[in-house]
Each structure stands twice: as structure tokens, then as C-alpha cells.
Amino acid sequence: MSAAFNQPAVSASTSPSLSGKKVVVVGGKTGIGLGVARAALAAGASVLVASRRVASIQDRPDLAGFEQVGLDMRDEGSVRAAFEAIGAFDHLVVTAAPDLGTWGNFMDDDMGGARSYLEGKFLGSWACARHAAPYLKENGSITFLSGGLAVRPKIGYAAVTSAFVAVEALAKSLALELAPTRVNTIRPGFVDTDMWSFLPGDARECLKDKVKETFPARRAGTAQDIGHAAWFLMTNPYVTGTTIEVSGGENLVPSVS
Ligand SMILES: NC(=O)c1ccc[n+]([C@@H]2O[C@H](COP(=O)([O-])OP(=O)(O)OC[C@H]3O[C@@H](n4cnc5c(N)ncnc54)[C@H](OP(=O)(O)O)[C@@H]3O)[C@@H](O)[C@H]2O)c1
């Protein structure tokens, strides 16, 4: 066996740096996206966070290290204009999604809620990739976000499950169509972010307690856990067309919610 064959592409003893790279995180001002943005910044990248709201540094001093751009992933014109303004960059991560509670049940009177959710999550992720792709530099990557509902459906969440599965399928298709740009998906399990703020305080704490008792990792996921996975996908040059589940083993135990 040749020495070259034994040589790992990325040394396990070093932390690959994103120094000199530019990373765009759509949805990067809150929750999981902020965890991804912070991980990229810590690895040396310059990081731009994009979503509907542009926050003042007075209101959000924690965003001082990031460039910000306004972008509504439901509006293709807004997405196109944002990436035209951003110009060349290295890695795109799309964590944004429509607010919870807007997807609609299967037996709702009309399909407005389902259309709205799929339009936001699936076609919004599509639009970001489509209009970012011309600006991605060599060795660049795209990372989407799905969720455990992709493989563990629940009654009442058909639109979310469908959107997540569609996003994962899109990543695989684009790994071929945009090659050698690498395209992957992170599939988080329960991550304790403000997405869960619709639950009353005691219900949220109760859910976290159940997670702690039952998940093999014995704790709730954090935005940093997902940020670490995004960093891995940006820096490992040989991972493409795949979905990484980061769920503390949620896939191995009965549902807690
Ligand atoms: N947290 C979990 O337990 C969990 C688990 C599995 C999967 N997920 C998935 O992970 C994603 C993000 O979750 P999260 O916990 O980070 O939620 P989050 O904190 O509520 O973040 C959602 C982000 O999306 C942005 N956004 C919403 N609509 C947008 C639009 N039309 N255009 C551009 N940006 C938009 C929001 O920013 P603006 O308001 O500024 O636009 C916000 O920054 C979702 O897809 C969710 O389904 C979450």
C-alpha cells in the first residue's frame, strides 16, 4: 500500500481552520444558525448572517462580529438581490425556516398552511442554493438543515416531514449537479432554542427533563452541537451528498414530545 494511500486528507490532530474563508449563514441571527455562525467565526472565517431582520448592534451586541444582510427566503427576488450584493464567498449554510405553527394539518380546510411551509422551508432553501451557487468559490460547500421528523414522522406534521425529506433529497441532487461544490444536510434532533418558546416554561423544562432521562447523550442538544457539525461539513473535503444526524441518539429511543 502506498504512503499516499495511508495519508488522511484531514489530519485528526489538527482543527481545520476557516481562516481566509467567507461563510454565509441564512438564519444565522438566532438559534441553530447563530450556533453555526459562532462556530465559523471561532474557526477564523468572516461570517455574514442573513434573514428578514437586520438588527442594530445596540439591540444585539452579540452580533457585532458578523456582517448582516436582509433576505426573505420566501421571496426569490430578495434572495437573488442579497447574493448579488454579497458577491463571492466560500460556504453557505441555510438554517432558516418559517415560524412554527404555520404549516397546517393534513385535514385543514385548504392547503394554505402546507403550501406556505413548503414554500418557506423547501423552496426557500432551494432559492438560497440557486442564487448563491454562482458566487461560491472553488472548494466551497452548501449545508442545509432538516430535522428528525424527516425519519420519525408525527401526526399533524406532514408538511414539516415532507419539507425536511425534500431538503435532504435536494442536497443529494445538488451534490451531483453542482459538483465539485459539496452539498450536505444536517438533521438535528431536539435542540433547545427559542423555536421552543411557544411552549409554556414548565412544559419546556419538562420536555428537557424527558430528553435528559431518555436520550443516550443524556442532555438536550445545543446550537453549538449543530455548529460543530456545520464546521465539519465545511472543512472535510470528502463529504458530499449526505445527511448527518446530530441528535444525541434521539433516533434510538421512543419519542418524548
Ligand atoms: N430547534 C430544534 O429543536 C430543531 C430540531 C430539528 C430541526 N430544527 C429546524 O432547524 C431550523 C431552525 O431552528 P432554530 O431552532 O434555529 O429556530 P429559530 O431560532 O426560530 O430560527 C429561525 C431563523 O429563521 C429566520 N427566518 C424565518 N423566516 C425567514 C425567512 N422567510 N427568510 C429568512 N430567514 C427567515 C429567522 O430570522 P428572521 O426572523 O430575522 O427572519 C430566524 O433567525 C428549522 O428549520 C427547524 O425546523 C430545529
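Up top is the structure.
What you see is a predicted model; the values in this text were computed from it and never measured. (Residues numbered from 1 in each chain as written. Predicted model: local features only at pLDDT ≥ 70, side-chain atom pairs only at ≥ 80, totals over all residues. Heavy atoms only, no water.)

Quick word on the site of the ligand
- Among the 25 residues in the neighbourhood of the ligand, the closest are listed as Thr30, Ser51, Arg52, Arg53 and Thr193.
- In the environment of the ligand, an oxygen atom lies 2.8 Å from a nitrogen or oxygen atom belonging to the backbone of Ile32.
- Within the shell around the ligand, the residues separate by chemical class into 12 nonpolar, nine polar and four charged. (Near = heavy atom within 4 Å. Polar contact = N/O pair within 3.5 Å; in protein donor to acceptor, adjacent residues only side chain to side chain. Nonpolar A, V, L, I, M, F, W, Y, C, P; charged D, E, K, R; others polar.)

Brief notes about the layout of surface pockets
- The computed volume of the second largest pocket comes to approximately 270 Å³.
- Lining the second largest pocket are 14 residues, and of these Glu138, Asn139, Gly140, Arg182 and Pro237 sit closest to its centre.
- When residues of the lining of the second largest pocket are traced back to their parent elements, those giving at least two are strand E5 (136-145) and helix H7 (223-235).
- The element that contributes the greatest number of residues to the lining of the second largest pocket is E5, accounting for four residues.
- A breakdown of the residues in the lining of the second largest pocket according to their chemical character gives four nonpolar, six polar and four charged. (1 Å grid on protein atoms, 1.4 Å probe; cavity = no way out; pocket = protein on both sides within 12 Å on 5 of 7 lines; lining within 4 Å. Points joined across faces, edges and corners; volume = space filled by probe spheres on them. Helix = DSSP H or I, 4+ residues; strand = E, 2+ residues; numbered from the N terminus.)

Describing the nonpolar core
- Core analysis: the biggest nonpolar cluster contains 30 residues, and Val26, Leu71, Phe83, Leu92, Cys128 and Phe144 have the highest contact counts within it.
- Only strand E1 (22-26), strand E2 (46-51), helix H3 (76-86), strand E4 (89-94), helix H4 (112-132), E5 and helix H5 (158-177) provide two or more residues apiece to this core.
- The element best represented in this core is H5, accounting for six residues.
- Excluding its chain neighbours within four sequence positions, the residues that come into contact with Leu92 are Val24, Val26, Phe83, Cys128, Ala129, Ala132, Leu136, Ser141, Ile142 and Thr143.
- With 25 residues, the next largest nonpolar core counts Ile32, Leu34, Val93 and Met234 among its residues. (Core = buried A, V, L, I, M, F, W, Y, C linked by side-chain atoms within 4.5 Å. Buried < 20%, exposed > 50% of the residue type's maximum accessible area, 1.4 Å probe, protein only. Contact = heavy atoms within 4.5 Å.)

With respect to H3
- Taken residue by residue, H3 has Ser78, Val79, Ala82, Phe83 and Ile86 as its buried positions. Viewed end-on, H3 has its buried residues packed into an arc of 125 degrees, placing them on one side of the element.
- Residues of H3 that are buried in the fold lie against E1, E2, strand E3 (67-70), E4 and H4.
- Measuring from the side-chain oxygen of the N-cap residue of H3 to the backbone nitrogen of Gly77 gives 3.0 Å; that N-cap residue is Asp75.
- One or two residues past the end of H3 sits Gly87, with phi positive at roughly 75 degrees. (Arc of directions from axis to C-beta.)

Such coordinate-based values are descriptive only and should not be taken to indicate function.
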